[in-house]
Each structure stands twice: as structure tokens, then as C-alpha cells.
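Summary of the model geometry
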Amino acid sequence: MAAPPIEFSEACGLPTYSRDIRTTFEGALTFGIGLRDETARTAGTAHLLEHLVMARVGRVDVVHNATTSDETISFFAQGPPSGVVDFLNRVARAVSTLAEISDADVAEQKRIISTELGDDDERPGRGHLIDRFGNQSVGLLDLGSPAHRSLTRAEALAFAETWLHAGNAALSFTGPVPEGLDVSLPEARSLPPRPAPRVIRNGMWVVNGTTPVALSVVLSGDDRAARTIAGALIYDALFDTLRTERHLIYSVDPFSTVIDGTHRLDCYALDPRPENALEAATEAVGVLRALGAEGPSADTVAAQILRYNMEDEVPGAQAADLDGLVTSTLRGRRVHGDVSPPPAVCAVTADDVRRVIAGGLDSLFVTFGDDLQADSDDQVTDALDLAPAEGPSSSLTSMTKRELFAHGMKDSTDIFNGRTFRGARGAQVMVDPERVAIIDDEGIFEVPLTDLVLATYSEERRTWVFMAAEGHVLVIDLDQWRGANALHAAIEKRVPTAVRCTIDRVAATENAPRDRA
């Protein structure tokens, strides 16, 4: 049985997509803005707006909710068409009257979000997507929103004015377009360019985060159908080999995100025990390389195509396809009104799949959890045949000891020595017009100010955290350094205000850091 077609129309001046699916009637109002469009400094604004809008909707008797994903903010309800219409009309009114929110409203929703995010909601996250994209674009999904408590009413409203309007919205329904819609949004306006995701590391491995093993490849090419089947076959091959045959893992958790029209990142998180992490990663890398070299069998591809086509009859898959089309349209990968089905997969061959996977092998990247058990970096490098990811470079390392001493003596350079009994004996912090750096026995770790995307200061912890665009993080605990007041002042002087914020604020009388013996 063929899947019901997606139909295009207009309602209330908005592009509207409907599909007659045999499921509970659902309607959604979706905006083409999401987590990946923020910056490290503004991360959390889309989520905050989702909360601010929902707080103004009022009591609704149908099942309803809202979600902020990497590419969209969506408000949706299920139930009788009249109830769904009432919810969507209320959402539109809430969006149109956001200017009425107060500072107290914003503060209340930030407290709710802090509870939702849990402990350490202001600490920067770590993980595979940061390793691949840095602390920007798709990497923000792992970074989280470390500055979200500092967001203001003015920032939220500016974000809403830019993105929450009729020029960046669409309606969708899992049935005929209902009557009674009054989804009146702020008038459409031109959209600013969205930041384009850019993969910054390929062909490497690193230890970073809590997921035992995560690996990903960039699947490229104009053959979207072949990319679709290739991603599904990689998942199956990983599961069959690592779970069914080798018993190294319990599950494979897939994640896929579009980079552009011809490139997609496919990521697979694995859950081996720490002592099995290197073996599981080695097997996983071997699975991908074998698929790229030899390809799957024709029977395997045929089975995957059959399974893919059978999903067309599943209501949940039909609804997901509808959501995907709306997202692609709002993100500019389709033109409004294009409801053509995705490319048929029936013609995909085993060699098509092999070529797609082979083309992505140079992009292979593996991230291990912090509890990786390995004798040395060389052991991991040899097992994976991948190079370890390099740490951040420092221009200071090219200086001789004399040049470094002379640089430290400049009036524009501030040097602070570590406290002997606070774990920083012999170390120094350097703050100058170009960088913040720590110099110790292990070398020089710096964050260039031009690469800085966010610097947070915690009053409670007396700690600065510097986040660089390429994913590196530098932490300075003031209590570890002599002259904490002067160090704090030097950092505030040098770090641009556009990327700086104070978190977990305390009373004004306690704002200044204090030197402690």
C-alpha cells in the first residue's frame, strides 16, 4: 500500500502541509530555528523562547507540548481538530504578544529550565559533536547552554523578532487542514544567514566525555537514496557484529544531522564496558572499513530496501516524514510547495552503498569516554590506525626562553604565579592582549582571544571558564593563583564583553573575588 501523499496549501498566510495518516490527529506550528543556529554565548535562547511562549498559552485540554531541536522550534497538539486548532491559535497569540513579557517572566522560566537541565546546568558539556564541529553550530548540541542563566529579556525578544515570524514558520497536520485556524504571527521579514556547520576534525581519535565510544562518518554525494541505505546498513552491521556476534555492547544509538544538501554526518554511540571500549571501537572501525572496501552483499541491500519501503506503511514513519519535509523546507533545502517524495531506494545497489561509505572513511572520527582503559596513546593509535587529535597549539611555544621572559615583562602582559599548596606550584597564568594562557611543566595551554566564543565567570566557584571555537576549554580557578583580584581584573579587561558573562550571581557586596591566604 502506497503511503498517503503530502499535500501543500496555505492557511493564515502560512505554508501548510498535510497528510492523511491513520493516527491520532496532530497539528504543529514549526519555526525554522534551532540549537545549531545559536552561539556559545546565546545558547539556550531558543529553548527559553519555547518556554516563554508555552507559559502564555494557558490551559489546554488536548495533549500538547513543544520541543526545541537542532533545527527547529515546534509547538504541537494531538486530539480533536477543534482542540488542536485552539492550541495553535493560542500559540500564535503568545508569539505575537511576546513583547508583553516581563523580566520576572524570563527569570521564572530560566529557573524552570535550570531544574529541567539538572545539576551543573551552567557547566560546558563535552562530547563527540564538539570534537567534530567545535563549540559552534552542531557542536552546541554537546556544549549545552552554559550561559543560559545570564540571558535577558532584551536578548530573548531580539531573537524572537529575528526568527519567530510568518517568514520562518509552517503549519502541518496529520489529516485534512482543520477549520477555525487563526494563526496570526508577526509579519514576515527577511532572515539573516544561518551559520553553516563545518567539520573541523577528520581521521582522528580523542578521549573526551562520558559516552564510552562514539564514532561518525560524513556520508557525501548527490545520491540521497544511497546515503540513506548506507547509514542504515552501517547501523545494522555495527549491531550485528558488536552485539550479536561479539557481545561487546548492548546497543547502538544512532544520530544523523544534515551538514548541507550533499553531506550528512552519521554518528553511532556504543556502550561497551570500559575494559572493552578499545576492542569495541577497533571492531567498529573494522566494520566500516570492510563495508567501504568490499561493500555489503546484494542480499543485505535488498533486505534493507524492503525494510525501508515497509516503513512507508507505518503511521509513525509517515508522520516523521511529514515533519522532515517541513524542516527541510524551513531550512531552505526544499522550496515551499515541493511535496515530492524522497528519492526511491529500489535502484540502490551494493556498489552504490560501498562507494558512499568508502568516500566517508577519510572523515572517520572516534571519541572515547574518560574511563578508557589503554596502556598508551600508541596502543589506541595502532589499534584504530587513526592519529590522536592534537591539542591546541600556542604561538608562545615558538619563543625561546629569553623571548618568553621578555614578553612577560611587557607592560601589556600580566603574569600570575600559582599558589604552592593549591596544586599550581611552579605554574603561571599569562593574560595579554592576544590570549589567556596557563604555563606549567606540561607545556603551554592557551585560548587566543580571537578564538574565544564564550567566557563565563562563576561567583560561587570563583572560576573562569574559557571556551574556544575549536572546542578547547581552559579553566582558571582564581584561588589557585596569587593576586586573585588583579587576575580577575586583567581577565575582565582583556576578554571582549560580547562573549563574557557572569553566572550564578550572588549579592553585589560579594561580587569581587577575594585574595585568600
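Residue positions within a chain follow its written sequence, with the count starting from 1. Only residues with pLDDT of 70 or above have their local features reported here, since the model is predicted, and side-chain atom pairs are shown and tallied only from 80 upward, although totals for entire chains, interfaces and linings are computed over all residues. Only hydrogens and water are set aside; all other atoms, that is, all heavy atoms of the structure, feed into the side-chain values.

Focus: the pairing of strand β14 (residues 428-432)
- Within β14, four of the five residues are buried, leaving the element largely enclosed by the surrounding structure.
- Any two strands between which DSSP finds at least two bridges are classified as paired. Put simply, DSSP H or I for four residues or longer makes a helix, DSSP E for two residues or longer makes a strand, and each gets a number counted from the N terminus. Two elements, strand β13 (residues 414-417) and β14, share four bridges in a ladder whose sense is antiparallel. Across the sheet, residue Ile415 finds its bridge partner in β14, namely Met430.
- When β14 meets strand β15 (residues 435-440), the two strands line up antiparallel, connected through five bridges. Bridge assignment links Val429 to a residue of β15, and that residue is Ile438.
- With antiparallel pairing between neighbouring strands as the criterion, β14 and β15 make up a hairpin whose turn holds two residues. Burial here depends on accessible area, computed with a 1.4 Å probe over protein chains only, as a share of the maximum for the residue type. Under 20% is buried, over 50% is exposed, and the range in between is partly exposed.

A word on the side chain of Asn208
- Looking at the secondary structure, you find Asn208 in the loop between β7 (204-207) and β8 (213-220).
- Asn208 sits in the buried class, given a relative accessible area of 15%.
- Within the structure, the side chain of Asn208 is placed 2.9 Å from the side chain of Arg126, a separation counted as a polar contact.
- Whenever a nitrogen or oxygen atom comes within 3.5 Å of another N or O atom, the pair is scored as a polar contact, on the condition that within protein one atom can donate a hydrogen and the other can accept it, and that pairs from neighbouring residues in sequence are kept only if both atoms are in side chains. Within the structure, Asn208 has its side chain in polar contact with the side chain of Asp131 (distance 2.8 Å).
- Contact between two residues is taken to exist if any of their heavy atoms lie within 4.5 Å; hydrogens are not considered. With residues near it in sequence (within four places) discarded, Asn208 still touches Arg126, Gly127, Asp131, Thr367, Phe368 and Asp370.

Structural notes on the pattern of salt bridges
- Whenever Lys or Arg places a side-chain nitrogen within 4 Å of a carboxyl oxygen from Asp or Glu, that contact is recorded as a salt bridge. In total, this model carries 27 salt bridges according to the counting rule given.
- Asp266 is the partner of Arg264 in a salt bridge, and the nearest nitrogen-oxygen pair spans 2.6 Å. One exposure class covers both Arg264 and Asp266, and it is buried.
- For Asp338, the salt bridge identified is with Arg334, shortest N-O distance 3.3 Å.
- Taken together, the shared-partner salt bridges connect Arg36, Asp37, Asp70, Glu71, Arg331 and Arg333 into one network.

Some details on helix α8 (residues 277-294)
- Given the number of residues in a helix, its expected span is that number minus one, multiplied by 1.5 Å. Helix length check: α8 (18 residues) gives 25 Å between terminal C-alpha atoms against 26 Å at 1.5 Å per residue, within 8%.
- If you check which residues of α8 are buried, you get Ala277, Leu278, Ala280, Ala281, Ala284, Val285, Val287, Leu288, Leu291 and Gly292.
- Structurally, α8 contributes buried residues whose contacts are with β8, α7 (224-245), β10 (263-270), α11 (350-360), β11 (365-368) and α12 (377-384).
- In the segment just after α8, Gly295 is the residue with positive phi, at about 80°.

Some thoughts on the packing of α7 against α8
- A fitted line through C-alpha atoms serves as each axis, taken over the contacting stretch for helices, and the angle formed by two N-to-C directions is quoted from 0 to 180°. At a closest axis distance of 10 Å, the pairing of α7 and α8 adopts a crossing angle of 135°. Judged by the inter-axis angle, α7 sits oblique to α8. By crossing handedness, the relation of α7 to α8 is classed as right-handed. Contacts between α7 and α8 involve Ile234, Ala237, Leu238, Thr241 and Leu242 on the former and, on the latter, Ala280, Glu283, Ala284, Val287, Leu288 and Leu291.
- Residues are grouped as follows: nonpolar covers Ala, Val, Leu, Ile, Met, Phe, Trp, Tyr, Cys and Pro; charged covers Asp, Glu, Lys and Arg; every other residue, Gly included, is treated as polar. A class-by-class count of the residues in the contact of α7 with α8 yields nine nonpolar, one polar and one charged. An angle counts as roughly parallel when it lies under 35 degrees, as roughly antiparallel when it exceeds 145, as roughly perpendicular when it falls between 65 and 115, and as oblique in every other case. Less than a right angle of anticlockwise turn of the near helix away from the far helix marks a crossing as left-handed, whereas a clockwise turn marks it as right-handed.

As for the pairing of strand β1 (residues 6-11)
- Across six bridges, the pairing between β1 and strand β2 (residues 14-19) is antiparallel. Across the sheet, the residue bridging to Ser9 is Thr16, located in β2.

What about the confidence of the model for the protein?
- On average, residues of the protein score 93 in pLDDT, and 97% of them reach the 70 mark or higher.
- The predictor reports its confidence for every residue as pLDDT, a score running from 0 up to 100. Segment residues 505-517: pLDDT under 50, and 24 contacts once partners within four positions in sequence are set aside and those in other chains are kept.

Topic: the packing of aromatic side chains
- Here the aromatic set is Phe, Tyr and Trp, taking the six-membered ring for Trp, and pairing holds for ring centres within 6.5 Å; pairs whose planes are under 30 degrees apart are stacked, those over 60 apart are edge-to-face, and all others are tilted. Applying the stated rule across the entire model yields seven aromatic pairs.
- Ring geometry for Tyr457 and Trp464: centres 5.2 Å apart, planes at 35°, overall tilted. Assigned by exposure class, Tyr457 and Trp464 land together as buried.
- Between the aromatic rings of Trp464 and Phe466, the centroid separation amounts to 5.8 Å while the plane-to-plane angle is 10°, which identifies the pairing as stacked. Comparing Trp464 with Phe466, the two get one shared label, buried.

Observations concerning the packing of helix α1 (residues 45-55) against helix α3 (residues 103-117)
- Remark: α1 packs on α3, axes separated minimally by 10 Å, with the N-to-C direction vectors making an angle of 115°. At the point where α1 passes α3, the crossing takes the right-handed sense. For the pair formed by α1 and α3, the contact residues are His47, Leu48, His51, Leu52 and Ala55 on the first element and Asp105, Val106, Gln109, Lys110, Ile112, Ile113 and Glu116 on the second.
- Its residues assigned to classes, the contact of α1 with α3 comprises six nonpolar, three polar and three charged.

Description of the sheet that holds strand β4 (residues 63-68)
- Read from one edge of the open sheet, six strands run β1-β2-β6-β3-β5-β4, paired in mixed fashion. Two strands in the sheet have a free side with no partner beyond their single neighbour: β1 and β4. Averaged over neighbouring strand pairs, the angle between their axes works out to 20° when direction is ignored.
- When strand β3 (residues 26-31) meets strand β5 (residues 73-78), the two strands line up antiparallel, connected through six bridges. Within β5, the residue paired with Thr30 across the bridge is Ser74.
- Running over the sheet, helix α2 (residues 81-96) touches β3, β4, β5 and β6 (169-173) and is turned about 150° from β5.
- Running at roughly 160° to β2, helix α10 (residues 315-330) makes contact with β1, β2, β3 and β6 of the sheet.

Some points on α1
- Within α1, nine of the 11 residues are buried, which leaves the element mostly enclosed by the surrounding structure.
- Turning to α1, its buried residues are Thr45, Ala46, His47, Leu48, Leu49, Glu50, His51, Leu52 and Val53.
- The elements touched by buried residues of α1 are β4, β5, α2, α3 and α6 (153-163).

A few points about a negative patch on the surface
- Together, Asp377, Asp378, Asp382 and Asp385 make up a negatively charged patch on the protein surface.
- By the element assignment, Asp385 lies in the loop between α12 and β12 (387-388). Surface patches are drawn from residues lacking salt bridges whose relative accessible area is over 30%; two like charges belong together within 9 Å, two nonpolar side chains (Val, Leu, Ile, Met, Phe, Trp, Tyr) within 5 Å. With residues, only the protein chains shown are counted as cover, and all accessible areas are computed by Shrake-Rupley using a 1.4 Å probe. In summary, the charge assignment counts Lys and Arg as positive and Asp and Glu as negative, without counting His or the chain termini. By convention, the charge on Lys lies at NZ, on Arg at CZ, on Asp at CG and on Glu at CD.

A word on the sheet that holds β10
- Reading across from one edge, β9-β10-β8-β11-β7-β12 is the order of the six strands in this open sheet, with mixed pairing throughout. Two strands lie at the open edges of the sheet, namely β9 (252-260) and β12, each paired on one side alone.
- Pairing between β9 and β10: eight bridges, direction antiparallel. Among the inter-strand pairings, Ser256 is bridged to a residue of β10, identified as Asp266.

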